[in-house]
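Spelled out, the chains give:
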Amino acid sequence: MKSLIISFSVVCIFLSGCQQQTTDTKPESAVFDIQKAKSFIDSINTKFSEQIMNGDSVALASHYAPDAELLFSNSEPIKGKDIITAWGSMIRSGTRNMTFTTTDLTGCDDFLIETGYYEIKENDNKVNKGKYVVVWKQQNGEWKLYRDIGN
């Protein structure tokens, strides 16, 4: 329950930072395009699945910001360069087929919050399913994973 409250608090903080002020006079071309963001997320999720299938933990870790954290059930936060190791361990354990389905996406120019579910098919045909919340952060003109929360 504590992790649910913390996750909810994180989402609320990011959403409040994304609210546009009523005095905002951005030209229409500069307005945040959620459809463009959705297309990007869909392409990255496909690429992520391919990189898992290829066993490429370095490519997987490249999607994360330097200050990113992986927050999984029953484990300490995984940060920085340890993200490569975490994905490498997952791949070595037999994970080769993982798919992601986005169920909701909201955000602004600086942050995106994606929720969805994943399915992992292990080498032994065992299937694991779970849910995730991902916070994407705009960094140097690129969207990078900032918080990756899954269970």
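The rules we used
- Residues numbered from 1 in each chain as written.
- Predicted model: local features only at pLDDT ≥ 70, side-chain atom pairs only at ≥ 80, totals over all residues.
- Heavy atoms only, no water.
- Helix = DSSP H or I, 4+ residues; strand = E, 2+ residues; numbered from the N terminus.
- Buried < 20%, exposed > 50% of the residue type's maximum accessible area, 1.4 Å probe, protein only.
- Contact = heavy atoms within 4.5 Å.
- Phe/Tyr/Trp six-rings, centres within 6.5 Å; stacked < 30°, edge-to-face > 60°.
- Salt bridge = Lys/Arg side-chain N within 4 Å of Asp/Glu carboxyl O.
- Core = buried A, V, L, I, M, F, W, Y, C linked by side-chain atoms within 4.5 Å.
- Pairing = 2+ DSSP bridges.

1. Re the overall build of the chain
Piece 1. Within the chain one finds four helices and six strands.
Piece 2. Counting helices and strands in the order they occur from the N terminus, the chain gives α-α-α-β-β-α-β-β-β-β.
Piece 3. Put simply, the chain has 151 residues, and 36% of those count as buried.
Piece 4. For the chain, the proportion of contacts with a sequence separation of at least 24, taken over those separated by at least 6, is 51%.

2. Examining the environment of Asn74
Piece 1. Mapped onto the secondary structure, Asn74 falls in the loop between β1 (64-72) and β2 (78-79).
Piece 2. Among the residues examined, Asn74 registers a relative accessible area of 84% and is labelled exposed.
Piece 3. For the pair formed by Asn74 and Asn151, sequence separation is 77 residues and the distance between their alpha carbons is 9.1 Å.

3. Re the packing of aromatic side chains
Piece 1. Scanning the entire structure with this criterion turns up six aromatic pairs.
Piece 2. Taking 5.6 Å as the distance between ring centres and 85° as the angle between the ring planes, the aromatic pair formed by Phe48 and Phe100 counts as edge-to-face. Here Phe48 is found in helix α2 (residues 34-53), whereas its partner Phe100 is found in strand β3 (residues 95-107), with 52 residues between them in sequence.
Piece 3. Given a relative accessible area of 5%, Phe48 falls into the buried group.

4. Describing the pattern of salt bridges
Piece 1. Applying the stated criterion to the full structure yields six salt bridges.
Piece 2. Glu119 is the partner of Lys129 in a salt bridge, and the nearest nitrogen-oxygen pair spans 3.9 Å. On the criterion of sequence distance, the pair formed by Lys129 in strand β5 (residues 127-139) and Glu119 in strand β4 (residues 111-122) is long-range, its members being ten residues apart.
Piece 3. For Lys129, a relative accessible area of 63% translates into the label exposed.

5. A word on the nonpolar core
Piece 1. Counting residues in each nonpolar core, the largest one holds 27 residues, and the members touching the most others are Phe48, Tyr64, Ile83, Trp87, Leu112 and Trp136.
Piece 2. Among the secondary structure elements, those contributing two or more residues to this core are α2, α3 (57-61), β1, α4 (82-92), β3, β4, β5 and β6 (142-150).
Piece 3. Sort the elements by how many residues they give to this core and α2 lands first, with five residues.
Piece 4. Apart from the residues lying within four places of it in its own chain, the contact partners of Phe48 are Leu60, His63, Tyr64, Trp87, Phe100 and Leu145.

6. Let's talk about the pairing of β5
Piece 1. Relative to β5, β4 runs antiparallel, the two being bridged by eleven bridges. Bridged to Ile113 within β5 is Val135.
Piece 2. Sheet analysis places β5 next to β6, joined by eight bridges and oriented antiparallel. Residue Gln139 lies in a different strand from β6, and its bridge partner there is Glu142.
Piece 3. Joining the antiparallel neighbours β5 and β6 is a turn of two residues, in which Asn140 adopts a positive phi near 55°.

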